[in-house]
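# Notes for the structure review
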Amino acid sequence: MARCLVTGGAGFIGSHLTERLLDLGHEVTVLDDLSTGSRENLAAVANHPAFRLRVGSITDPLLLTEVMAGSEVIYHLAAAVGVKLVADDPVRTIETNIYPTELLLRQAVQGRQRVFLASTSEVYGKNPKERWTEEDDLHFGATTRARWAYGCSKAIDEFLALAYHRKFQLPVVIGRFFNVVGPRQVGHYGMVIPRFVDQALAGRPLEVYDDGGQTRCFGHVQEVVECVFRLTESSAAHGEVFNIGSDELVTIRGLAEQIIAKVHPGLAIRYIPYREAYGEGFEDVRQRVPDLTRLRTTLGMQPSRSLSDILDDVIAWKRSQPAGDQT
Ligand code: UDP
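Residues numbered from 1 in each chain as written. Predicted model: local features only at pLDDT ≥ 70, side-chain atom pairs only at ≥ 80, totals over all residues. Heavy atoms only, no water.

### Brief notes about the overall build of the protein
The test is simple: To qualify as a helix, a DSSP run of H or I must reach at least 4 residues; to qualify as a strand, a run of E must reach at least 2; elements of each kind are numbered from the N terminus. Throughout, the radius of gyration refers to the C-alpha atoms, and the reference size of a globule is 2.2 Å times the residue count to the power 0.38. Residue burial is assigned from relative accessible area. The probe radius is 1.4 Å, only protein chains are included, and a residue is buried under 20% of its type maximum, exposed over 50%, and partly exposed in between. The contact criterion used throughout is that any non-hydrogen atoms of two residues lie within 4.5 Å. All accessible areas in this document rest on Shrake-Rupley with a 1.4 Å probe, and a residue is counted as covered only by the protein chains that are shown. Charge assignment in this entry is limited to Lys and Arg as positive and Asp and Glu as negative, and neither His nor the chain termini are counted. In this description, the location of a charge corresponds to atom NZ of lysine, CZ of arginine, CG of aspartate or CD of glutamate.
When you go through the protein residue by residue, the secondary structure sums to 12 helices and 13 strands. Radius of gyration (C-alpha) of the protein: 19 Å, near the 20 Å computed for a compact globule of 327 residues. Structurally, the protein occupies a C-alpha span of about 60 × 45 × 40 Å along its principal axes. Expressed as a percentage of its 327 residues, the buried residues of the protein come to 55%. When contacts within the protein are restricted to residue pairs at least 6 apart in sequence, those whose partners lie at least 24 apart make up 77%. With the model as given, the accessible surface of the protein reaches about 13700 Å², and the carbon-plus-sulfur share is 49%. Here the protein carries 35 positive and 41 negative side-chain charges, and the mean point of each set is 1 Å from the other.

Shown next as structure tokens:
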């Protein structure tokens, strides 16, 4: 059994990964500054004998060094996330997503630790291809458009990780997450499914940005963390980049319609221009679908829960939350 460090382990994806690792019998230390994550996300494991929470920032080099020292495997999920948060605070995005990753990778080389680096489908930017494979080009917009700070910062992390792998044989796996959803995801940072479900449960019109013709694929967080764990365990995956998510495509309008049908039939959709939702100069990604061949070939599996099933799970979780906690 391994001693694991999960940076960002109090976040939405990190907390599910932490639970899974503990279930498998590993020891887990979480490092999290509780800025977008929360203690409640870890409530189910708070008293687990193999679990420890260190509250602090990955931007604190002494703390990072200390928590890394006792670990064999490092899952690096701490980052500034969410298109809205990132567009609102690009300085924080760059400072949180680049410098600490560099330090973490350098220390992992010294400690001979295995690393999983959480990246994102945002790195593909506006690539017009219908399906993105890991070797495709990155198409960012202008640096004056704050959205691209997120994808760019993660692309730099990927370059660093690959460079450390080539130069020092660091066993590192890079996972590009595609729209991960499930229980514990909150809507304040812009994520569409928790927002739509909250709106539907409150009986308010669902706010679809632009014409709703943009597409996404939504993967269930439990299947995504299973892929993360298995890839990190697999030596064939080291030094490689993987798309991780579902490839079931839906338009945002179609998503809103499905949620309305499940929660509150008859509810209206309100179409909101991007300008109003994100401010002037925002650019969206029109189509985002992963090619999962590499993931399937390496693991013999991929996230496969249907969107309908995922929505039922999110709706059931939201309904179980105390009133007023729905965000
Ligand atoms: N979106 C929407 N209404 C919302 C939030 C998001 O129509 O309240 C749209 C958003 O413009 C994007 C898609 O839903 O096209 C997914 O947004 P999200 O922020 O969840 O993830 P992204 O794929 O943009 O990272």
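### A closer look at the sheet that holds strand E11 (residues 241-244)
In a beta sheet, neighbouring strands pair by backbone hydrogen bonds and run either parallel or antiparallel. What counts here: Strand pairing is assigned whenever DSSP detects at least two bridges linking the two strands. Note on geometry: axes are C-alpha line fits, over the in-contact stretch for helices, and angles between N-to-C directions span 0 to 180 degrees.
Taken in spatial order, the seven strands make up an open sheet running E3-E2-E1-E4-E5-E6-E11, and their pairing is parallel. Every interior strand has two partners, whereas the edge strands, strand E3 (51-55) and E11, have only one. The average angle at which neighbouring strand axes cross in this sheet is 20 degrees, direction not considered. Relative to E11, strand E6 (residues 172-177) runs parallel, the two sharing four bridges.

### Section: the site of the ligand
Applied cut-off: By convention in this text, a residue qualifies as near a molecule or strand provided that one of its non-hydrogen atoms is within 4 Å of it. Throughout this description, a polar contact denotes any pair of N or O atoms lying within 3.5 Å of each other; where both atoms belong to protein, one of them has to be capable of donating a hydrogen while the other can accept it, and for residues adjacent in sequence the pair is counted only when both atoms sit in side chains.
If you check the shell around the ligand, you find 18 residues, and the closest are Val192, Tyr209, Arg216, Asp284 and Arg288. Measuring from an oxygen atom of the ligand, one finds a side-chain N or O atom of Asn179 at 3.0 Å. The backbone of Gly190 places a nitrogen or oxygen atom 3.3 Å from an oxygen atom of the ligand. Bound to the protein, the ligand loses 95% of the 520 Å² it would expose on its own. Where the shell around the ligand is concerned, the elements lending two or more residues are helix H7 (192-201), strand E8 (206-209) and helix H10 (274-278).

### Re the pairing of E6
Selection criterion: The path from the first strand over the helix to the second decides the hand: if it runs clockwise while the strands point away from the viewer, the crossover is right-handed.
With six of its six residues buried, E6 lies for the most part within the structure. Relative to E6, strand E5 (residues 114-120) runs parallel, the two sharing six bridges. When the sheet's bridge partners are listed, Ser119 is paired in E6 with Arg176. Considered for its hand, the β-α-β crossover made up of E5, helix H6 (residues 148-168) and E6 is right-handed.

### Focus: helix H4 (residues 90-97)
Basically, it comes down to this: The directions from the helix axis to the C-beta atoms form the arc being described.
Regarding H4, the residues found buried are Thr93, Thr96 and Asn97. The buried residues of H4 all sit within an arc of 85 degrees when viewed along its axis, so they share a single face.

### Considering the pattern of salt bridges
Selection rule: The working definition used for a salt bridge is a side-chain nitrogen of Lys or Arg within 4 Å of a carboxyl oxygen of Asp or Glu.
Evaluated as defined, the whole model comprises 25 salt bridges. The partner of Glu72 in a salt bridge is Arg3, and the shortest N-O contact between them spans 3.7 Å. One end of the pair, Glu72, is in the loop between helix H2 (61-69) and strand E4 (73-76); the other, Arg3, is in strand E1 (residues 3-7), with 69 residues separating them in the sequence. Here Arg3 falls in the partly exposed class, since its relative accessible area comes to 37%. We note a salt bridge from Arg131 to Asp247, for which the minimum N-O separation is 3.9 Å. Within this pair, whereas Arg131 is found in the loop between E5 and H6, its partner Asp247 is found in the loop between E11 and strand E12 (249-251), the two being separated by 116 residues in sequence.

### Some thoughts on the pairing of E4
Where burial is concerned, the two faces of E4 agree: the one with Val73 and Tyr75 and the one with Ile74 and His76 are both buried. As paired elements, E1 and E4 share four bridges and run parallel to each other. Counted as the bridge partner of Thr7 is His76 from E4. Sheet topology note: the E4/E5 ladder contains four bridges and is parallel. When the bridges of E5 are listed, Ile74 appears paired with Val115.

### Some thoughts on the layout of surface pockets
Cut-off, in case you're wondering: In this analysis, the protein atoms alone were mapped onto a 1 Å grid. Cavities are point sets where a 1.4 Å probe fits without being able to get out; pockets are open sets with protein on both sides within 12 Å along at least five of seven lines; lining residues have an atom within 4 Å of a point. Grid points are joined across faces, edges and corners, and a volume is the space filled by probe spheres set on the points. Residues are grouped as follows: Ala, Val, Leu, Ile, Met, Phe, Trp, Tyr, Cys and Pro are nonpolar; Asp, Glu, Lys and Arg are charged; every other residue, Gly included, is polar.
Within this model, the second largest pocket holds a volume of roughly 300 Å³. Lining the second largest pocket are 14 residues, and of these Glu134, Glu135, Leu162, Arg176 and Val241 sit closest to its centre. The dominant element in the lining of the second largest pocket, judged by the number of residues it contributes, is H6, at five residues. Per-class residue counts for the lining of the second largest pocket are five nonpolar, one polar and eight charged.

### Observations regarding the packing of aromatic side chains
Aromatic ring pairs are defined here through the distance separating the ring centres and the angle between the ring planes. Counted only if it meets this: To pair, rings of Phe, Tyr and Trp, with the six-membered ring standing in for Trp, must have centres within 6.5 Å; the planes then decide the type, stacked if under 30 degrees apart, edge-to-face if over 60, and tilted in the middle. Only when the NZ of Lys or the CZ of Arg is both within 6 Å of the ring centre and within 35 degrees of the ring normal is a charge said to sit over the ring.
In the structure shown here, the tally under the stated rule is 11 aromatic pairs. Measuring from centroid to centroid gives 6.3 Å for Phe140 and Trp148, while their planes differ by 50 degrees, and the two rings are tilted. Cluster of aromatic residues (ring-pair linked, three or more members): Tyr209, Tyr274, Tyr278 and Phe282. For the cation-ring pair, Arg147 lies above Trp148, with the distance from its terminal atom to the ring centre recorded as 5.5 Å. If you follow Arg176 out to its NZ or CZ, it ends over the ring of Tyr124, 4.8 Å from the centre.

Everything listed here is a matter of geometry and, on its own, says nothing about what the molecule does.
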